[in-house]
Amino acid sequence: MPSPHTIFIAADFVLDPALDSVADRLREQGHTVVRGPRAVPGRKTVLPPDRLGELVGAADVIVATSRVVIDDAVLDAAPRLRGVVFPSIGTESLDLADAGRRGLMVANGATPENFQSMAEATIMLMLNLSYDLRGTEDLLRRNAPRPAAPRARMLQGKTVGLVGFGRIARAVADRLRGWNVEILASSPRLDPAQVPAGVRAVALDTLLRASDIVSLHTTLTPGSRHLIGPAELRRMKPGAFLLNTARGACVDEAAVHQALRDGLIAGAALDAFEVEPLPPDSPLRQLDNAILTPHMAGHTQELYASFAPACVRNVEAILAGELPPHACNPSAAPAWRERLAGLDGARGGGLAHARNAAPPFRK
């Protein structure tokens, strides 16, 4: 039986049921679990500075979501920390490079169910926009006459642009095979030699000008914040659709609203927003050419069932000194193992010395 450790698990208004399950499983293994303060919808959780010692001072692993800020103050207050685990895919509330320099391993919930569910949801939204399902349903609800000409458009023969080409985007491309569409992909680090057959790597500007559907699958970084703004929307075709199932801040919401209102683009499907839940007074809610979903378009039963087991496996691996199954910064492994050696030495010599165990961190 391994020595018990202390795990800090933050609260999250979306994923609390999964996090509760993680806490239960870790307690059953003999670990001490410290839970974070209640999360407030629409607001990032910032751990109280005067409680950091109480919350994370003894933590060997922090479990948190992308809605919980894990900054220098939090990491500095956790001298025994071995790693940070995110139950879902998003890790943008933590600086990965900084974590690596500190010798911290970071893992997330990039399970097959996660990216496969999101890929299926992306295809669903593409078809909903193309076939104007919302408008057609509204005709029946209002008992309105049929339009003089159909508004629906086939997906076949169109060009689909994928901005970002990670696991979700690749799964989207896999599912579009056989639809007779041209698939373009753009990502800063995308090697054209590594794209699969049927996908063409292009610059973002080329993708925006050529695509009938632009679908965002990029992570949120300083470089991707408001990646799609006024200038990018003007480059898109007048009849094009925009999808964002990534992160809300990847698009300039005010610019998207104006483009949809003025007919600069034909429609949009947005599943993520800068402030979540989407505020009741958001002008996006007034548009009839926008599909808005509360960051759950791809949240399937299978996806949620995968969260807790994957999170527990990641925590167990980090505590055992093994690379976690869903490591986000595997290149940090040498610095991580050096940190672990210091921490384990301190545990062997008494936990009272753990505060001085980790190698010094310099920015």
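Look above for the structure.
So, how was this worked out
Residues numbered from 1 in each chain as written. Predicted model: local features only at pLDDT ≥ 70, side-chain atom pairs only at ≥ 80, totals over all residues. Heavy atoms only, no water. Pairing = 2+ DSSP bridges. Helix = DSSP H or I, 4+ residues; strand = E, 2+ residues; numbered from the N terminus. Axes fitted to C-alpha atoms, helices over the stretch in contact; angles between N-to-C directions. 1 Å grid on protein atoms, 1.4 Å probe; cavity = no way out; pocket = protein on both sides within 12 Å on 5 of 7 lines; lining within 4 Å. Points joined across faces, edges and corners; volume = space filled by probe spheres on them. Nonpolar A, V, L, I, M, F, W, Y, C, P; charged D, E, K, R; others polar. Contact = heavy atoms within 4.5 Å. Buried < 20%, exposed > 50% of the residue type's maximum accessible area, 1.4 Å probe, protein only. Polar contact = N/O pair within 3.5 Å; in protein donor to acceptor, adjacent residues only side chain to side chain.

### Examining the sheet that holds strand β9 (residues 213-216)
With parallel pairing, the seven strands of this open sheet are ordered in space as β8-β7-β6-β9-β10-β11-β12. Looking along the sheet, the strands with just one partner apiece sit at the ends: β8 (199-201) and β12 (290-292). Taking the axes of each pair of neighbouring strands and ignoring which way they run, one obtains an average angle of 15 degrees across the sheet. Relative to strand β10 (residues 241-244), β9 is paired through four bridges, and the arrangement is parallel. Bridging from a neighbouring strand, Val214 pairs with Leu242 of β10.

### Some points on the layout of surface pockets
By volume, the second largest pocket is sized at about 430 Å³. The class makeup of the residues in the lining of the second largest pocket is six nonpolar, six polar and eight charged.

### Structural notes on the sheet that holds strand β4 (residues 83-85)
The parallel open sheet is built from five strands, whose spatial order is β2-β1-β3-β4-β5. Only two strands of the sheet have a single partner each, and these edge strands are β2 (32-35) and β5 (105-107). Each neighbouring strand pair of the sheet contributes to a mean axis angle of 20 degrees, computed without reference to strand direction. Strand direction decides the pairing type here: strand β1 (residues 6-9) and strand β3 (residues 61-63), joined by three bridges, are parallel. Each residue of the ladder has a partner; that of Ile9, found in β3, is Val63. Contacts from helix α1 (residues 16-28) reach β1, β2 and β3 within the one sheet, and its direction differs from that of β2 by about 155 degrees.

### Section: unusual backbone geometry
The step from Glu276 to Pro277 runs through a cis peptide bond, and the omega angle for that step is 0 degrees. Position of Pro277 relative to the elements: it lies in the loop between β11 (267-270) and β12. In this model, Asn180 sits at a positive phi of 60 degrees, which is unusual for a non-glycine residue. Among the secondary structure elements, Asn180 is positioned in the loop between α7 (167-176) and β7 (182-186). One non-glycine residue, His226, lies in positive phi territory at about 55 degrees.

### Some thoughts on empty space enclosed by the protein
In this structure the tally under the stated criterion is two cavities of 30 Å³ or more. If you add up the space inside the largest cavity, you get close to 40 Å³. Taken together, Ser130, Arg153, Met154, Lys158, Asp212, Ile213 and Phe241 make up the full set of residues lining the largest cavity. Classifying every residue of the lining of the largest cavity by side-chain character gives three nonpolar, one polar and three charged.

### Quick word on the side chain of Thr65
You can see Thr65 is positioned in the loop between β3 and α3 (72-76). Its relative accessible area of 2% is what places Thr65 among the buried residues. Within the structure, the side chain of Thr65 is placed 2.6 Å from the side chain of Asp12, a separation counted as a polar contact. Leaving out residues up to four positions away in the same chain, Thr65 has contacts with Asp12, Leu15, Leu19, Phe86, Pro87 and Ser93.

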